[in-house]
Each structure stands twice: as structure tokens, then as C-alpha cells.
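What the coordinates show
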Amino acid sequence: MSAAPKSAPADVLLSVQGLTKTFDVRGGLVRAVDDVSFDVRRGTIVGLVGESGSGKTTIGRTVLRLVEPSGGKIVYDGVDIAALPEGAMRAYRRRMQIVFQDPYSSLNPRMRIEDIIGEAIDTHGLARGSARRDRIADLLARVGLAPEHARRFPHEFSGGQRQRIGIARALAVEPEFIVADEPVSALDVSVQAQVLNLIQDLQQAFGLTLLFIAHDLSVVEYLCDEVVVLYLGRVMERGPSRQVYAAPRHPYTQALLSAAPVPDPRAPRNRVVLQGDIPSPINPPSGCVFRTRCPSAAAACAEVVPPLDGVGPSHAVACIRKDEPDVLARIHPAAGGPTRSSP
Amino acid sequence: MSAAADDAILRVENLQTWFELGSRVAKSVDDVSFTVGRGRTVAVVGESGSGKSVTSLSIMRLLAPPGRIVGGRILYRTATGEEIDLARLPESRMRGVRGREIAMIFQEPMTSLNPLYTVGDQVMEMIRLHEPVSAGEARARARRMLELVEIPAAERRLDDYPHQMSGGMRQRAMIALALACNPRVLIADEPTTALDVTIQAQVLDLLRRLQAELGMSIIFVTHNLGVVAEIAHEVVVMYAGRVVEAAAVNDLFDRQRHPYTKGLLACIPRPGMRRDEVDGQVRLTPIPGTVPSVTALPTGCSFAPRCPLAVAKCEEPPPLIPAAPGHLSRCWRHEDV
């Protein structure tokens, strides 16, 4: 029903089409991901942004089949892997990796670093003996650690160093695609930039394709070529991040961007303060899921699920009122919308 | 940096809070001074291990052993104009200050909300602890507090248990609890860090509005420089247990006079900043290394091992000195920053 990318052109590595994931919970069914579609082109970084309950983490894990999808297609390099048997999936597991948010819980405390990194090398039978040792030393060097770190345990490292180890583990099997799930959110501010630069360098050095999940909007703007804005499991807006950030078309994107605090006390604050809380995903609003908090909501918004319609080259918005000029103006009559200017 | 002394409601002077673990001493807070003016918001900024939370727990006298205040003064000016040193106040008198004069809110609302009592009961208990009012009066006031923090259907919500509320709503309930006795100082320790960005915006707006209406002073502890720019009048930057820079918010963001503050601002992406902007050459400027452990601090300037400006002189500990009018810096080379 949404504007799913119809065919996957050659430069598209991953095409998510109508992806749905439901969970059974006490009290009902949660549609954590509901008809989500987007493409990730080879060698690019696509950002998934959204607040709690937006489904961004579930999408990341479903794409890797760490969580089984309930519906829809996950077309990876031309093959729909959504229903692939585990045996056939194995070849894809080496090509797709994940970096987790929490560098403390994602490394086994009883394993030495060489075994944490080496485990995947062994699983896929990629190197043995001295070749394996060399490979681990090379991976450690790639992420800015020393060869002697291989014999140590996770507790001997700081949070930033552990995240480097997590990245080295992901790179160990020479993947082409990595899901990075909030990889810098748990790190101190002064260390975040080190890890972001590392991701940026490795992406260029290896020509990696990344799905970057984050709630920090400035980090996504900085790093990502394209962005997918999610709310309660649905895509609100997606497009080239330059365009989405400069001229957001969906009222939710506008509100989200305007709510992010800017490190400049003199910056104008044309803020859209949303009323109320994010609704429960067990009982989402009818029609547009954002309508209960939307400053532009009309009666019709409760009736239909807005389709994700194109508004520009690869830029799409799910809002039935997106073409009405007063949507922006109503929020901030003077400024004509909360579009920010760069400092 | 701050209000004139006669307008000050709280003056922290050379505060030292240490944790003595056998032979090891963690100097979590070591020589911290700053002043909070009436009706002003002072942001205390720092990363993990900077001592920002220990500073606020010291002011509240909520330190858990082996943590204790080993030096310095925490001078609080009471409503009658008398100045009392909270660092040395007997616990019995401190109980009259805590909650009534100075209240605190936390990152995680369940730190201060009891899961076994309704939100209304907890706000009423706070009021009746400090003021001789009837249960009916306390309930009416509790309802007004929930209305003040914009909790819808306040009368009904009084009978909710904390788990029945959403994260943002619980944060509001905690603020209502903290403000129930109309404190003159509110210490807010990372109150929006666990919240979604649109809910964070609501809570920041609420705190600003409440300050304008109630005139309280706020000590806002955070690691987020964006939030600092939004809410602070004055800023105190902490690193490894010490204040490294302090200034009015505009002065601090206009020109940093400590390399750490400058480094912090340089390593966060700004709106409009993109890695591919200049032929893919844009990079963030990280601060190398990691925050030192407070049990093993360098002898001189704690930041020197990570500092691009470090010279031999930095092996001597630098004092916190005026680098410009109202702008303090703990750096030998503040003129070169």
C-alpha cells in the first residue's frame, strides 16, 4: 500500500519492502514495524531515526533476520531473504554484521579479545593459525588498538575502546553491510567523535554499506546520505538527508528537528512543542498514527492511513496534508516553519 | 561569572568530596567553587567521572559512604538572610532543608518515586512532612502541583501508581513532588537524559516556565551542551573532579577559554554539518584518549594528557583564575585557547 520501491536497481544492496513485525504481548498485538519500505544503495549510509517505540531497532534486527519478520520482503543483493531457510541464510550472515549500542553487555566478559574477534572467523572458516593471528592484529590496528590488546579481557578497556572491539568483531568476516544500532549513544561526548570518525574512515576504506540507527539527529545529519524518519513503527518521511533536514515536509519530522537542542544559546528557537506522549503501540491511533500529537491534524487524518507519496527525487512523505501550504505556516506563522539555518 | 554575592542563594566554596577505599582515594570532587544567583539557572556540565553528580549529592548531603565531604563550604542563604554552611549542618537540621529549601530531581524518576505508593500519596507526604496541613488540604495542594506540571486529569492521576504513567509523565510527577514545598533551589541531575527528544523539549519548557512563575534557582546537571545552551544562564564546566571553566552562557559559547570546553564543542556535529560537505573531507575533531580515573589523576593539570596545548608548565596544577571579566579558566594557556 505504501510506495514500495518496485524494482531494485543494481546499485541497491538492500531493499526493504512492506516490512511488518508483530509481537504477541499480554493485552494484544504490537505492530512494532508496520509496512516499512526503503532502499539502501551500495556504499551509502542510511539513517533510521525515531523515538521510543518507533521500531528502528526492530527493523535493524529484522533486516539481519535476528528477529523473524511477520510480513514483507527483505531483498538483499537481489534475493528475498525474508523467508530463506537458516542453511541458505548462512552465506548471507557473513556478508551482514551488526554493531550494538552497549559496549558493556555486547562483549562476553569471560572471553579474550582475540577470541571475541576470532569467533566469527572460526565460524565461517576464514583463517587459522598464524593467518588468524595476523588477521586479528590487523583488525585491531584498523580500529586504532594495539596487537597486545588481543590477549586482554573486555573489562580492561574503556567504553570507547570496547566499541572499537565491537566494530573489529563486525569487520572480522569482511562484511559488505553493517547495521550500527546506536553505536555511540552510550559513549562520553568526547569519545563519540573518535568512534564516528572511525566508522566514517572504515566505511570509505572498505566501501561499506551501513544502516545507522540513532536518536541523535545531528549525528544522523552529519553521517547519513539518506534518512528514514519513523514513528510508531511507520515511515513518516524518507529521503536524502540534506533535503529532509533543510526542508522537512512531514509535521513529525518538523517537530522532531525543532525539538533537538542546538549547542548555540543565540540560535532562534522556532520550536514545535508536541503535546502529549507517544501513544501505546498496542493500541495505536486509527488513520495516521501521528495525528493525536500533530499540530496540523484534520478530521480526515483519523480515516485513512496516509500513503508514502513522492515529493521529490527519492523523497517521500506520509501525510495527507503535505501539499497544503498552511501546514508549515500554521506552526510558525512568522518563520514560515521551523526550518533551521546553519550556524 | 555570576550574581553579586548579596544576590547569591548558594555559594559552593572549594568543595572536596572524596571516596576513601582502603589505601585508594577517589577525589571525585576536588576544589569545586561556584555561585548560584536568585532565580538563575546554573548548568554544571561534564562527562562521566567529572564529579558533577557527586557535587549535587554533596549539596543535598545525600552521599553514600565511603563518600564524604572532606573540605570546603556550601553556603546557603536562608529566606531570613542568614547564611548556613550545609557541609557542616547537623543531619537533624539538614532534614528541614532537604525537600523544603533545596529539592532534587533525577534522570530516572523511579529514583525518587516509591513504586508502592500512589503519586498523590507521595506528594501529600512531602507537604505534610514540612507543613502542618490537613490531609484534605494536602490533597488539594497535591492536585494543584500536578496541574502546575501539566499532568492532564490531575485529580484522577493522583491515585495512579508510578508504573501506570509514561516516562514523560513520571518525570513531571517527580518534578511535582520536588516542587511540592516550593523550594528555593532545585537541583536537576540529568532530568531529560532518558527522555525522547520531543518529551525533553516539553520538560525543558516546563522547567523554564516554572522558574519564571516560582522564581526558584536551578542547578542543572547535564552532559548535553545543546541542553545547556537552551536552559542555562551560567555554565560551570567540570573535568575529573574540578571546575575547569565557568562563565555566562553566551560568553562560554562565544569563546571558550579552556581547551577541554573548546574540544567538547568541536567534537559534536552541528546542525547543517555533513561529512561530505567539502569533497568528503569534513571530519569531527575528537579529543584523543579517555577521561582519567579519579583514583589516578595526573599530578598537574588533569586534562594535560589529552590537551593539544599542553606544555611543560602544565605539570604544575593550574589555578582557576579570571581569563576575562566574569570568565574563569583553569588553564595556564587560557590566552592561547
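What counts and how
Residues numbered from 1 in each chain as written. Chains lettered and ligands numbered in written order. Predicted model: local features only at pLDDT ≥ 70, side-chain atom pairs only at ≥ 80, totals over all residues. Heavy atoms only, no water. Domains from an automatic or database assignment. Contact = heavy atoms within 4.5 Å. Salt bridge = Lys/Arg side-chain N within 4 Å of Asp/Glu carboxyl O. Polar contact = N/O pair within 3.5 Å; in protein donor to acceptor, adjacent residues only side chain to side chain. Helix = DSSP H or I, 4+ residues; strand = E, 2+ residues; numbered from the N terminus. Nonpolar A, V, L, I, M, F, W, Y, C, P; charged D, E, K, R; others polar. Core = buried A, V, L, I, M, F, W, Y, C linked by side-chain atoms within 4.5 Å. Buried < 20%, exposed > 50% of the residue type's maximum accessible area, 1.4 Å probe, protein only. Phe/Tyr/Trp six-rings, centres within 6.5 Å; stacked < 30°, edge-to-face > 60°. Lys NZ or Arg CZ within 6 Å of the ring centre and 35° of its normal. Buried area = accessible area lost by both parts, 1.4 Å probe. Pairing = 2+ DSSP bridges. Axes fitted to C-alpha atoms, helices over the stretch in contact; angles between N-to-C directions.

With that out of the way, let us pick up the domain arrangement of chain B. Residues and elements named next belong to chain B. Here chain B is partitioned into domain 1 (1-101 + 183-269 + 282-337) and domain 2 (113-180). Centre-to-centre, using C-alpha coordinates, domain 1 lies 30 Å away from domain 2. Across the contact, 19 residues belong to domain 1 and 13 residues belong to domain 2. On inspection of domain 1 and its partner domain 2, the count reaches two salt bridges. One salt bridge connects R100 with E131, and the closest N-O pair in it is separated by 3.6 Å. At the boundary of domain 1 with domain 2, the tally comes to six residue pairs in polar contact (both at pLDDT 80 or more). Those elements that provide at least two residues to the side of domain 1 that touches domain 2 are α2 (91-97) and α7 (197-214). Looking at the side of domain 1 that touches domain 2, the element that brings in the most residues is α7, giving nine residues. The residue makeup of the side of domain 1 that touches domain 2, split by class, is eleven nonpolar, three polar and five charged.

Attention now moves to the nonpolar core. Nonpolar side chains tend toward joint burial in soluble globular proteins. One finds A:I167 and A:F212 to be the most contacted residues of the largest nonpolar core, which totals 95 residues. Here this core takes eight residues from helix α6 (residues 189-206) of chain A, the largest share from any one element. Apart from the residues within four sequence positions on either side, A:I167 is in contact with A:V99, A:V143, A:V195, A:L198, A:I199 and A:L202. Grouped together as the second largest cluster of nonpolar side chains are 42 residues, B:I105, B:L113, B:V119 and B:A176 included.

The full count for this structure, using the stated rule, is eight aromatic pairs over all chains. Seen from their ring centres, A:Y231 and A:F290 are 5.1 Å apart, and the 80° between their planes marks the pair as edge-to-face. Here the residue A:Y231 occupies a position in strand β9 (residues 226-231), and A:F290 occupies one in the loop between α9 (251-259) and β11 (309-312), the gap between them amounting to 59 residues. Like A:F290, A:Y231 is buried. Between the aromatic rings of A:Y252 and A:F290, the centroid separation amounts to 5.0 Å while the plane-to-plane angle is 65°, which identifies the pairing as edge-to-face. Separated by 38 residues along the polypeptide, A:Y252 in helix α9 and A:F290 in the loop between α9 and β11 bring together distant segments of the chain. Taken together, A:Y76, A:Y92 and A:F177 form an aromatic cluster joined through their ring pairs. Its guanidinium or amino end placed over the ring of B:W332, B:K313 lies 4.2 Å from that ring's centre, counting from NZ or CZ.

Listed as interface residues are 46 residues of chain A and, on the opposing side, 48 residues of chain B. In total, chain A and chain B occlude about 4,200 Å² of area from one another, counting both sides; carbon and sulfur atoms represent 50% of this. For the chain A face of the interface with chain B, the top three residues by lost area are A:V189, A:Y222 and A:P263, together amounting to 17%. Residue B:R283 is joined to A:D201 by a salt bridge in which the shortest nitrogen-to-oxygen separation is 2.5 Å. Where chain A meets chain B, there are 25 residue pairs in polar contact (both at pLDDT 80 or more).

Attention now goes to the sheet that holds strand β3 (residues 41-45) of chain B. Residue and element names in this part refer to chain B. If you trace the eight strands from one edge of the open sheet to the other, you get β6-β7-β8-β3-β9-β10-β12-β11, paired in mixed fashion. Looking along the sheet, the strands with just one partner apiece sit at the ends: β6 (102-105) and β11 (321-324). Here the strands of the sheet are splayed against their neighbours by 25° on average, with no regard to which way each runs. When β3 meets strand β8 (residues 217-222), the two strands line up parallel, connected through five bridges. Residue pairing in the sheet places T41 in a bridge with I218 of β8. Its contacts with the sheet place helix α1 (residues 52-60) against β3, β6, β7 (185-189), β8 and β9 (234-239), and it is angled at close to 145° to β6. Most of the contacts of helix α6 (residues 167-179) go to β6, to which it runs at about 170°, and overall it touches β6 and β7.

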